[in-house]
Amino acid sequence: MIDVKKLDRELLSVEKPARYVGSELNSVVKDKEKTSVRFAFAFPDVYEVGMSHTGLHILYHMLNSIENVWCERVFAPWTDMEEVMRKNSIPLYGLESKDELKEFDFIGFTLQYEMSYTNILNMLDLGGIPLKSKDRTDNMPIVIAGGPCAYNPEPLHEIVDLFTVGEAEELLPELLGIYEKEKLNGFNKLKFLEKASQLEGIYVPQFYEEVYNEDNTIKERKVLNNNAKDIITKRIIKDMDKVYYPDKSILPYIDVVHDRVVLELFRGCTRGCRFCQAGMVYRPVREKKSDTLVNQAESMLNSTGHDEISLTSLSSGDYSCLPDLTLKLLDKYENDNVSISLPSLRLDSMTFDIIQRLQEVRKSGLTFAPEAGTQRMRDVINKNLTEEQILGPVETAFKLGWSTVKLYFMIGLPGETMEDVLGIKELSYKIKDKFFARPKEEIKGNLKINSSASCFVPKPFTPFQWTAQNSIEEFYDKAKMLQREIKDKKVSFSYHEPKLSYLEAVFARGDRRLSKVLISAWEKGCRFDGWYDMFDFDKWMEAFNETNVDPDFFAKRQREITEVLPWDFIDVGVSKKYLISEYEKSLEAMTTHDCRLGCTNCGVNHRLIGGACPHVQNNK
Amino acid sequence: MCKIINKYSKTGNLKYISHLDVLRFIQRSVNRAGIRAKYSEGFNPHMKTSFGFPLSLGIESIGEYFEIELNENLPPEEFKRKMNSVMPKEMQIIKSSCSDNTNSIMARCAYAEYIIGIESENLDMDRLNNLLSEMLETGVVYIRQKKNKKKKLVNKEINTKEYIRYLKADKSGDNKAKIEAVFITSETGSMKVDELLKLINDRAFNLDYHTIMKVDALDKDMEPIL
Ligand code: SF4
């Protein structure tokens, strides 16, 4: 155990000390003598962000439901705490036991966004654990990683011992089972990794080698170990009603980002937006039954005392039993001051009377994600949303009394012209006009339209994985133009920092050569890069320079369809052929319909589930 | 249905949780316990509860108070039992009772009683006792810096004599002592334990470690609120 008294002496000097002490309600403390595998679930961001993540709660309780496994949590200490820890030689520790990271069998990082990578290095270093896999001996923890960014694991290949690809609820217990056996037989890391790599969905980077062409593209990938697979296939959970789900969740004492019961209605998405990685890699759609969800809501409310339920999924409005579920929840909880919110609401797919009833409990603004300002552009990205489908519901919402609207857009989408960019203004203004186009006596409230634009980042496993990202200058030009053009007091415009999006693009589609850049940037002091006030672009540029890696090569380069991509060895179910055809269709602004209306042959059915996708069957 | 007043503890790691977070945590505990609380009317209904003076971060307590109005007839003993079954061991209700006092808890608090444990390698009991009696009898004046309404730092002179009712130290082990203190509290201000510790640091000797436990909140007759 770390010196707790030493910690206690210093904690009041840091911001939000409750981040670092644990003992929340429903956290799990076990007798370490009676457990054989100790797992540190590591979230490379601050406590409040990590504790808002549903996956953490699920995996934490799932691992702890295994008798001989003890899973604890560890988050990235904020800079003030890091300073305290370094100055007083307090190593990074698990929140539950206060044992230092070194004492764990596994450190499991979840990779939610590229800009948290330097925090991983920092956390290992604060735990006194060597950064590189090859420098860690048999008696040091195994560093594993999973989550959405593990679909392109290569930038972390030197650091992480093994990656889990896809949904881990079933995979993790299998992996820990193998580990336990190996531990009993006198542990040997290499032997363990060899055994693990035979599991579906496990990737051990050291068993492979990347060979490059002269132009820096990848020539081939060599498999170095006989036990390793050529292709790593992602894991999926087939039956969402049967998969492990905790009957309680940890209740943080301090305010976290999402401080409520979060119900995951389904996984996957059928819409096929061409920019969306989640929409591709989480296919196919697998829904939970509404009764399952009502039960899960009940146990979560009972175990936490929360007064808000939020229904989340990639596109919650598409849940086939949504009216049924919301009405059930409303009937059950309306009188208990429990409110229900639907964050990723699509107005085109939800009946207004339900929305109205939801709002009786707590009224919030309306959110809309047209993503692009013109119809042509929305067709390029396959948003499948017409202007009428935006304006119609907005009009209804105004009639019902709403007056705040948030609009999300992207700039820098493939094939975008200045006219498309200006479309963001046009659409925002059209929405404004709808508000005032009513008889005076019907106009209530003070209209506020907040339009924001993020900079498009091409992601692996999307039809846009081959496309070039805009340059930082192009992004600024577009954003600044909109800022100049949008002069109406009712409409405000904001945009995301292009430099951050550029770096995100580098790491999203990066290869093995980025590991050394990462280490160099961390050595220069980069951490919490996703936090805009911490982000130091110049340090990153120095790191690229020193390691002789050209970031433009990854962000700004248009790839040939035939190029070997760093993530090609991972199979997410959706076939490359499908991605190519979607990419080609995008060039002609041709749309592909939502696959609930009929399979569009993305390939996931016969590659992963062996049969037609359930949501298509349901529609027959 | 009576208003219920409760004395509760806040110990261990919960000492790092702010007043606002405690408030929310207790309200959620009421939900978990399945107790029907009364809510305010209006656009954003909130549970009808009221609390005593906020406890500074870093202080443990076995004498915190809150009042709550219920929408069901629940004897205070039952309330306490139900709450304690869903609250962590670091925060438990010690006592519950019907409350017909119309004054707020804050208005009823006149004193706060503390036990402060200190550790120092050069602990000198004589120096400590001298300083403590000076603070209590003749008074020690120190400067407190505060931000005024315009967010400018202003200095305020504080005389310990005006805020301390009782102060006594006992040796409790090698290099360790225990200080018992009763501070006068009022809505216009009081002395902070931190300030007492700082005076000891500045005027007597350096402290290596300390713990602070608030024992109770007392009314104007020096009786516990509950
Ligand atoms: S296989 Fe067909 S139905 Fe299933 S996700 Fe792909 S396109 Fe949709």
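Positions within a chain are numbered from 1, following the residues in the order the chain's sequence is written. Written order determines the labels here, with chains lettered from A and ligands numbered from 1. Since the coordinates come from a predicted model, pLDDT governs what is reported: local features require at least 70, and pairs of side-chain atoms require 80 or more to be given and counted, while whole-chain, interface and lining totals use all residues. Side-chain measures were taken over the full set of non-hydrogen atoms in the model, leaving aside hydrogen atoms and water.

## Let's talk about the interface of chain A and chain B
One widely used convention gives an interface's size as the accessible area the parts lose upon coming together. Counting from both sides, the interface comprises 26 residues of chain A and, opposite them, 24 residues of chain B. Interface of chain A and chain B: buried area, both sides summed, is about 2300 Å²; carbon and sulfur atoms make up 52% of it. The working definition used for a salt bridge is a side-chain nitrogen of Lys or Arg within 4 Å of a carboxyl oxygen of Asp or Glu. In this structure, the connection of chain A to chain B is made through six salt bridges. R24 of chain B is the salt-bridge partner of D255 of chain A, the closest N and O atoms lying 2.9 Å from each other. Polar contact is defined as a pair of N or O atoms within 3.5 Å, subject to the rule that within protein one atom must be able to donate a hydrogen and the other to accept it, and that residues adjacent in sequence are counted only when both atoms are side-chain atoms. Counting the contacts that link chain A with chain B gives 13 residue pairs in polar contact (both at pLDDT 80 or more). Elements with a contribution of two residues or more to the side of chain A that touches chain B: α1 (4-11) and α9 (290-304) of chain A. The numbering of helices and of strands both runs from the N terminus, where a helix is a DSSP run of H or I of at least 4 residues and a strand a run of E of at least 2. If you tally residues by element for the side of chain A that touches chain B, the top one is α1 of chain A, at four residues. Contacts are assigned to residue pairs with any non-hydrogen atoms lying within 4.5 Å of each other. Joining two parts hides part of their accessible area as seen by a 1.4 Å probe, and the buried area is that hidden amount summed over both.

## What about the sheet that holds strand β14 (residues 339-341) of chain A?
Residue and element names in this part refer to chain A. Here we have three strands laid out as an open sheet, ordered β10-β13-β14, and parallel in their pairing. The sheet terminates laterally at β10 (261-264) and β14, the two strands that pair on one side only. With strand direction ignored, the average angle separating the axes of adjacent strands in the sheet is 25°. Pairing of β10 with strand β13 (residues 308-312), which is carried by four bridges, proceeds in the parallel orientation. Its bridge partner being in β13, V262 is matched across the sheet by S310. Along the sheet, α9 makes contact with β10 and β13, crossing β10 at roughly 160°. Any two strands are treated as partners once DSSP identifies two or more bridges connecting them. Each axis is a line fitted through C-alpha atoms, taken for helices only over the stretch in contact, and angles between the N-to-C directions span 0 to 180 degrees.

## Considerations on unusual backbone geometry
Residue and element names in this part refer to chain A. The amide bond that connects R283 to the next residue, P284, takes the cis arrangement and shows omega of -10°. With respect to the helices and strands, P284 occurs in the loop between α8 (277-281) and β12 (286-287). Unlike most non-glycine residues, K16 shows phi in positive territory, near 45°. Secondary-structure assignment places K16 in the loop between α1 and β1 (37-43). You can call K16 partly exposed: its relative accessible area is 40%. Of note, the phi angle at N26 is positive, near 70°, even though the residue is not glycine. Tracing the sequence through the fold places N26 in the loop between α1 and β1. Buried means the residue's accessible area, taken with a 1.4 Å probe over protein chains only, is under 20% of the maximum for its type, while exposed means over 50%, and partly exposed covers the values in between.

## Looking at the state of the cysteines
Here, a disulfide means two cysteine sulfur atoms that sit within 2.5 Å of each other. The tally for this structure, following the rule as stated, stands at one disulfide over all chains. At a sulfur-sulfur separation of 2.1 Å, the disulfide partner of C2 of chain B is C98 of chain B. The chirality of the disulfide connecting C2 of chain B with C98 of chain B is left-handed, given an S-S dihedral of about -65°. Of this pair, C2 of chain B sits in the segment before β1 (3-10) while C98 of chain B sits in strand β4 (residues 93-99), and the two are 96 residues apart along the sequence. Overall, C98 of chain B belongs to the partly exposed group, its relative accessible area being 41%. No disulfide involves C276 of chain A; its sulfur sits 6.3 Å from the nearest other cysteine sulfur, which is in C273 of chain A. C321 of chain A forms no disulfide, and the closest cysteine sulfur to it belongs to C269 of chain A, at a distance of 16 Å.

## Things to note about the packing of aromatic side chains
Two aromatic rings, taken as a pair, are described by how far apart their centres are and by the angle between their planes. All names here are of chain A. Centres within 6.5 Å make a pair out of two Phe, Tyr or Trp rings, where for Trp the six-membered ring is used; the pair is then stacked when the planes are under 30 degrees apart, edge-to-face when over 60, and tilted otherwise. Counted according to the given criterion, the structure contains 33 aromatic pairs over all chains. Geometrically, the ring pair formed by W78 and F528 is tilted, given 4.5 Å between the ring centres and 50° between the ring planes. One end of the pair, W78, is in the loop between β2 (69-75) and α4 (79-87); the other, F528, is in the loop between α17 (514-523) and α18 (537-547), and 450 residues separate them in sequence. As far as burial versus exposure is concerned, W78 and F528 are alike and both buried. Seen in terms of ring centroids, F535 and F537 are 6.1 Å apart; in terms of plane orientation they differ by 55°. Their pairing is tilted.

## Notes on α1 of chain A
Buried within α1 of chain A we find L7, D8 and L11 of chain A. Each buried residue of α1 of chain A sits inside an arc of 100° when the element is viewed along its axis, so together they form one side. For α1 of chain A, the secondary structure elements touched by its buried residues are α4 of chain A together with β11 (209-218) of chain B. Think of the arc as the fan of directions from the helix axis to the C-beta atoms.

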